[in-house]
Amino acid sequence: MSSTPFVAAGEPSDLVEEVRAAFAETYGVEPALVTRAPGRVNLIGEHTDYNRGLVLPVALPHATFAAVALRDDDQVRIGSLEQDEPWTGGPDALSSATGWAAYAAGVVWALGEAGIPVPGVDLLVHGTVPLGAGLSSSAALECSVALAVCAAVGVPVDRQLLIDACIRAETEVAGAPTGGMDQTVSLRASSGAALLIDFDEGTSEPVALPLEEAGLALLVTDTRVKHALVDGGYAERRADCEAAADALGVPSLRQATLSSVSAMTDDRVRRRATHIVTEIERVRETVTALAAQDWDEVGRIFRASHASMRDDFEISCAELDVAVATAVEAGAVGARMTGGGFGGSSIALVPVDRVDAVVRAIDVAFVAAGFGPPAHLLASPGPAAELVWPAP
Ligand code: ADP
Ligand code: MG
């Protein structure tokens, strides 16, 4: 038994009961149904989604649960057990909702825009994905709400339509840029597998991730660092990538070659493009290594990916670098920062019997460096968003 206090995913049946009970107390009626949508952690492929590249995320066992009931009028009420400040408004107010409720109200708005006849609804969400840790609590929230509303309205569930509506909610209503990886994996993941998403082809396919068979755990460390510059940093990286594609005369960096990138004269733009082109190749290499169950090779690719993000793309930070280096020193097969960067989380592939030692080593290293305490969780690849109550 592990003695490490991990951030718990929670028992789905407990979370369903909690959100049902809170819904009845808040709104005075039973919900019609409850859905569950997972957060995610990306194995490899960072900032490649908006460059029409490849990503390889995994759905977390940590998820958001959304309870819903249709109303007789057109009002929308939205609450969360993780936030104060419930939101209420009519159909015209949905697209101008602010704060956390923008993610949920935005989904109801975007479903209407996509032609789903959404009446008034009461919604309550409750989940275990850490907020703002780079593990996509935002997509978990959006996807749980999107699936709940569609199921309650009774329209056939079209997962691509839901993905597109959730992306619109996040970009147009919440005002947060997103490349689409988070919503796609939350709605399309499968248990025991990562999801290879190709943003040029618009396709996705499961890639088996037999961690248990290999005696490995996927350890996620949330540095709890949220740099204020994150939004500006993300937009700047996107702009650099667009500038690189323009300079090379290609529609996106997916079409660029490493030799053409290497010849670029602007140092910063060349290094940004180098990361994207080599990172897309590393996603391919990871898929090949996983098929061969060559975990040492996966570890090597993780190290190369981290170095590329630290040195060329410049999206790491001191806390992420310490978490990654310490994990490897303490016995991880490989480690890298994951997500958008400038804080957030790192991942490490760790032999099961080394997990406690790696966690302790990271905690000690954080104290020694004068950082605040990180949080850890274990990512066993879970299923996509689904209806969980009433039992389907
Ligand atoms: P991440 O997606 O990595 O967790 P984001 O900044 O994209 O970080 O999204 C986090 C935001 O999403 C939170 O600050 C909050 O506004 C909203 N959010 C996510 N989950 C919930 C929840 N269960 N209840 C209320 N708001 C949530
Ligand atoms: Mg997010």
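What you see is a predicted model; the values in this text were computed from it and never measured.

With respect to the layout of surface pockets
The volume enclosed by the largest pocket comes to roughly 1,200 Å³. Counting only elements with at least two residues in the lining of the largest pocket, the list comes to strand S6 (121-127), helix H3 (137-153), helix H5 (181-188), strand S9 (216-226), helix H7 (230-248) and strand S11 (343-351). Residue composition of the lining of the largest pocket, grouped by class: 15 nonpolar, 22 polar and eight charged. Each of two domains, domain 1 (12-206 + 381-389) and domain 2 (210-378), supplies a minimum of three residues to the lining of the largest pocket. Approximately 230 Å³ is the volume found for the second largest pocket. Forming the walls of the second largest pocket are 13 residues, and the residues nearest its centre are Leu211, Glu212, Leu216, Ala379 and Ser380. Where the lining of the second largest pocket is concerned, the elements lending two or more residues are helix H6 (211-214) and S9. If one sorts the elements of the lining of the second largest pocket by residue count, S9 sits on top with three residues. Of the residues belonging to the lining of the second largest pocket, the class tally is ten nonpolar, two polar and one charged.

Concerning the domain arrangement of the chain
According to the domain assignment, the chain contains domain 1 (12-206 + 381-389) and domain 2 (210-378). Relative to domain 2, the C-alpha centre of domain 1 lies at a distance of 26 Å. Listed as interface residues are 30 residues of domain 1 and, on the opposing side, 39 residues of domain 2. Between domain 1 and domain 2, the buried area comes to about 2,800 Å², and carbon and sulfur atoms account for 67% of it. Counting the surface domain 1 buries against domain 2, the share from its top three residues, Ile44, Glu46 and His47, is 23%. Our count for the domain 1 to domain 2 interface comes out at two salt bridges. In this structure, the connection of domain 1 to domain 2 is made through 13 residue pairs in polar contact (both at pLDDT 80 or more).

Observations concerning the pattern of salt bridges
Within the structure shown, the criterion is met by 24 salt bridges. Two residues, Asp200 and Arg52, come together in a salt bridge whose shortest N-O distance is 2.8 Å. Linking Asp200 in the loop between strand S7 (193-198) and strand S8 (203-208) with Arg52 in the loop between strand S1 (33-42) and strand S2 (54-55), this pair joins segments that are 148 residues apart in sequence. Residue classification places Asp200 among the partly exposed positions, given a relative accessible area of 30%.

Details of the packing of helix H11 (residues 318-329) against helix H12 (residues 355-369)
It is at 9 Å that the axes of H11 and H12 come closest, and there the two elements cross at 140°. Considered as vectors, H11 and H12 are oriented oblique to each other. When you trace H11 past H12, the crossing you get is right-handed. Only Val358, Ala361, Ile362, Ala365 and Phe366 of H12 make contact with H11, whose side of the interface consists of Glu319, Val322, Ala323, Thr326 and Ala327. Partitioning the contact of H11 with H12 into residue classes produces eight nonpolar, one polar and one charged.

Some remarks on unusual backbone geometry
Of note, the amide linkage connecting Trp389 to Pro390 takes the cis form, showing an omega dihedral of -5°. With respect to the secondary-structure elements, Pro390 resides in the segment after strand S13 (386-389). A positive phi angle, close to 65°, is found at Ser136, a residue other than glycine. The class of Ser136 is buried, set by a relative accessible area of 6%. Unusually for a residue other than glycine, Gln293 sits at a positive phi of about 50°.

Definitions and cut-offs
- Residues numbered from 1 in each chain as written.
- Chains lettered and ligands numbered in written order.
- Predicted model: local features only at pLDDT ≥ 70, side-chain atom pairs only at ≥ 80, totals over all residues.
- Heavy atoms only, no water.
- 1 Å grid on protein atoms, 1.4 Å probe; cavity = no way out; pocket = protein on both sides within 12 Å on 5 of 7 lines; lining within 4 Å.
- Points joined across faces, edges and corners; volume = space filled by probe spheres on them.
- Helix = DSSP H or I, 4+ residues; strand = E, 2+ residues; numbered from the N terminus.
- Nonpolar A, V, L, I, M, F, W, Y, C, P; charged D, E, K, R; others polar.
- Domains from an automatic or database assignment.
- Contact = heavy atoms within 4.5 Å.
- Buried area = accessible area lost by both parts, 1.4 Å probe.
- Salt bridge = Lys/Arg side-chain N within 4 Å of Asp/Glu carboxyl O.
- Polar contact = N/O pair within 3.5 Å; in protein donor to acceptor, adjacent residues only side chain to side chain.
- Buried < 20%, exposed > 50% of the residue type's maximum accessible area, 1.4 Å probe, protein only.
- Axes fitted to C-alpha atoms, helices over the stretch in contact; angles between N-to-C directions.
- Parallel < 35°, antiparallel > 145°, perpendicular 65-115°, else oblique.
- Left-handed = near helix turned anticlockwise from the far one by under 90°.

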